[in-house]
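The primary structure of each chain is shown beneath.
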Amino acid sequence: MAKSALWAPAPKQKVTFVVREGPGWTVSLDSEGDADCPICGTRSSSRHGAYIRSLQDLPAQGAPVVIQARVTRWRCLNDQCERRTFAERRLDLTAPFARRTTRMAGIVRLFGHAAGGRPSERLLARLGMPIGHTTILRHVKRGARGGPATLRVAGIDDWAWKKGMTYGTIIVDLERRQVVDVLADRSAASTAEWLRVHPEVEMVSRDRAGLYADGARQGAPQARQIADRFHLLQNFREAVERQLGGLGPPVRRKPPSLANDDFDPMMAVTGEQPRMSGAEREILTRQGRAADRQALFDRIRALYDADLTIRDIARELGLGLRRVQRWVRLIELPARNVMAPKPSTPAYYGAYLARRWAEGVTAVKGLLVEISRRGYTGSHSHLARFLAPWRKAIPAITMTPANSSSPPETEVTIPPRVAALDPMTGRRISSLTAAALCVKPRGTMTPRQIVNVDLLKAASEEFTTMRGLAMRFAGLLRGGDIRKLDIWLRDARHCGLHAMRSFVRKLRQDIDAVRNAILEPWSNGQVEGQINRLKMLKRAMYGRASVELLRARMMPLDCGFHRE
Ligand SMILES: [Zn+2]
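Everything quoted here is computed from the prediction, not taken from an experiment.

1. Concerning the overall build of the protein
No. 1: When you go through the protein residue by residue, the secondary structure sums to 23 helices and 12 strands.
No. 2: Considering the protein as a whole, with its 564 residues, one finds that 43% of them fall into the buried category.
No. 3: Within the protein, counting contacts between residues at least 6 apart in sequence, those at least 24 apart form 59% of the total.
No. 4: A total of about 29,800 Å² of accessible surface is found on the protein, and carbon and sulfur atoms cover 53% of it.

Below you can see the structure in the form of structure tokens.
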């Protein structure tokens, strides 16, 4: 027990008494003998009255500390002053009406921001700062001020608030890499409203959902809009997928001169053709089934993107759990490479075999000799098994003979039914995988992916065309030469593929933002990262989080505590 101390929690305060009572310390505090009137500034040492204010402070020796501060009311000694009495303020110790010292509140905010309510409650209790989780969260929310004073480049995107049902909006300062705000909904109106209060915004980077474009147009007409590069590429990949998956109308080999925007390729399916052979009809049925599959797959993906669990998706669509699981894996890892083919497997020679096959060499024995010379160490039967699905595919090949009227081929073509088989699995390469491969730079591919891309190119003129466009498009977005955009748009429009044409049409509707995507260095890449953080926080709070709290925890901590 000490009667006084040199230490004091704030300047102009003196400790009058320190006592260890029960679990913690009680520190009695009084102000020094005088105070200045806040109105006239006259110093007064005449006490009018006093009361005791209890403040929780940082712990001492692991034990809680309560400060019993004596708050004095002083008389103003200046006759001319309108104030008769004034209460002293302890602004460097605590805020008015607060129940904790400023430094304690800072620590609480720090913990709450980093760890959330309940975990902080446990940690702080252990450290000698007992405080309830709701109070902690109140501190966190209070600590969340608005973002930086000047926001020049804003990145806007959405995040799933309730699985597949409702969405929120996140706004990031792309220059400072900080979350500026989290909005409770996803709408053009709220985005516009937010931007209206931030007239300093010069650029808005957003995905290609028309909603944020509208919001930015209404709320920040002064700002230039940037289409997000990642979303642009994603849209392109989806177009490729549609084309390959047969969701888009089938485009047969068609002279480019005939391809124009008025051409409705659906006519080809809806029976405008006078004569249809059984084989052709079979193709169309198969395409129909592929389209159904693709539609289902797209739905699964949409729900999965919207944060639904596998169980929920299965229930929603009436599918088996295992099927959904399998498809979701495809979504997560579209081009996953479990193992690259080894020289002991025929798959390693997939591209070579496919070429020889197309040239008419189909005998296992002959092919075995050829690839053995190239290092194949596997067995005859393994090769035979590998080639079996190719053999089955032959009838399908002869169904689409190289028509004598079509232009002569200069390079070797591998019949589509053969080449589109993944040599690793012997199964058809799905349109999803093919689309992912189509936009993947060769330098980042595994050996297996390279084999498959080569096979796809050999199999499908469509794929080759789109691969060329994809690489040029990615190059454009990487940095580029804006003049090449027009050339690219023209080439893509006239390539004769329906999905590419409609992709170009959509780009043209948003052309300024697309141009800016090429000219400006900004993209929403970091926004995705922030959304992942938000999802993590949301899960950690077991869905009990309010938008207000999420917002507070997403934004950089702004507490006076560590500003000094
Ligand atoms: Zn006064």
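2. Concerning the side chain of Ser-120
No. 1: Position of Ser-120 relative to the elements: it lies in helix H2 (residues 117–126).
No. 2: Ser-120 sits in the buried class, given a relative accessible area of 0%.
No. 3: Contact partners of Ser-120, with chain neighbours within four places excluded, come to Phe-111, Gly-112, Ala-115 and Ile-136.

3. Remarks on the coordination of the zinc ion
No. 1: Summarising the metal site, the zinc ion is bound by the protein donors Cys-37 (SG), Cys-40 (SG), Cys-76 (SG) and Cys-81 (SG), whose distances to it range over 2.2 to 2.4 Å.
No. 2: Metal-centred angles of 100 to 115° between the 4 donor atoms at the zinc ion mark the site as tetrahedral.
No. 3: When the donor residues of the zinc ion are listed from N- to C-terminus, their spacing reads C-x2-C-x35-C-x4-C. With Cys-37 in the loop between strand S3 (35–36) and strand S4 (43–44) and Cys-76 in the loop between strand S6 (63–75) and strand S7 (85–87), this pair connects stretches of sequence that are 39 residues apart.
No. 4: By relative accessible area, Cys-76 is classed as buried at 5%.

4. Overview of the sheet that holds strand S8 (residues 153–162)
No. 1: Spatial strand order, S10-S9-S8-S11-S12: 5 strands in an open sheet with mixed pairing. Edge positions in the sheet fall to strand S10 (178–183) and strand S12 (224–227), since each has one partner strand and no second. Taken over all neighbouring pairs, the strand axes of this sheet differ in orientation by 30° on average, direction set aside.

5. Brief notes about the packing of helix H6 (residues 229–244) against helix H20 (residues 498–509)
No. 1: Two elements in contact, H6 and H20, have axes separated by 8 Å at closest approach and are oriented at 150°. Between H6 and H20, the angle falls in the class roughly antiparallel. As H6 packs across H20, the resulting crossing turns out to be right-handed. Across from Leu-232, Asn-235, Phe-236, Ala-239, Val-240 and Gln-243 in H6, the residues of H20 making contact are His-498, Ala-499, Met-500, Phe-503 and Leu-507.

6. Overview of the environment of Ala-434
No. 1: Mapped onto the elements of the fold, Ala-434 is located in helix H16 (residues 431–438).
No. 2: For the pair Ala-434 and Val-240, spaced 194 residues apart in sequence, the C-alpha separation works out to 8.4 Å.
No. 3: Excluding anything up to four places from it in sequence, Ala-434 contacts Leu-244, Ile-429, Leu-456 and Phe-463.

7. Quick look at the pattern of salt bridges
No. 1: Overall, the coordinates contain 20 salt bridges when judged by the stated rule.
No. 2: Here Arg-43 and Asp-36 are joined by a salt bridge, their closest N and O atoms 2.8 Å apart.
No. 3: For Arg-224, the salt bridge identified is with Glu-520, shortest N-O distance 2.8 Å. Residue Arg-224 is located in strand S12, and its partner Glu-520 is located in the loop between helix H21 (511–519) and helix H22 (525–540); the two are separated by 296 residues in the primary sequence.
No. 4: On the basis of relative accessible area, Arg-224 is assigned to the partly exposed category, the value being 41%.
No. 5: The class of Glu-520 is buried, set by a relative accessible area of 14%.
No. 6: Several salt bridges share partner residues, and in doing so they unite Asp-30, Arg-47 and Arg-70 into one network.

8. Looking at the nonpolar core
No. 1: Judged by nonpolar contacts, the single largest core of 59 residues is most densely connected at Ile-170, Phe-236, Phe-473 and Trp-488.
No. 2: Sort the elements by how many residues they give to this core and helix H18 (residues 461–479) lands first, with 7 residues.
No. 3: Apart from the residues lying within four places of it in its own chain, the contact partners of Phe-473 are Leu-232, Leu-233, Phe-236, Trp-488, Phe-503 and Leu-507.
No. 4: Formed by 17 residues, the second largest nonpolar core is a distinct cluster that contains Tyr-349, Tyr-352, Ala-354 and Ile-371.

9. Quick look at helix H12 (residues 364–373)
No. 1: When H12 is considered as a whole, its buried residues turn out to be Val-364, Leu-367, Leu-368, Glu-370 and Ile-371. Relative to the axis of H12, the buried residues are bounded by an arc of 165° and lie together on one face. Across from the buried face of H12, at angles greater than 90 degrees, the exposed residues are Lys-365 and Arg-373.
No. 2: Following H12 by one or two positions, Gly-375 has its phi on the positive side, about 115°.

What counts, and at which threshold
- Residues numbered from 1 in each chain as written.
- Predicted model: local features only at pLDDT ≥ 70, side-chain atom pairs only at ≥ 80, totals over all residues.
- Heavy atoms only, no water.
- Helix = DSSP H or I, 4+ residues; strand = E, 2+ residues; numbered from the N terminus.
- Buried < 20%, exposed > 50% of the residue type's maximum accessible area, 1.4 Å probe, protein only.
- Contact = heavy atoms within 4.5 Å.
- Areas by Shrake-Rupley, 256 points an atom, 1.4 Å probe, with all protein chains shown as cover.
- Donors = N, O, S within 2.8 Å, 3.2 Å for Na, K, Ca; no water.
- Tetrahedral: all angles 85-135°; square planar, octahedral: opposite > 155°, others 65-115°.
- Pairing = 2+ DSSP bridges.
- Axes fitted to C-alpha atoms, helices over the stretch in contact; angles between N-to-C directions.
- Parallel < 35°, antiparallel > 145°, perpendicular 65-115°, else oblique.
- Left-handed = near helix turned anticlockwise from the far one by under 90°.
- Salt bridge = Lys/Arg side-chain N within 4 Å of Asp/Glu carboxyl O.
- Core = buried A, V, L, I, M, F, W, Y, C linked by side-chain atoms within 4.5 Å.
- Arc of directions from axis to C-beta.

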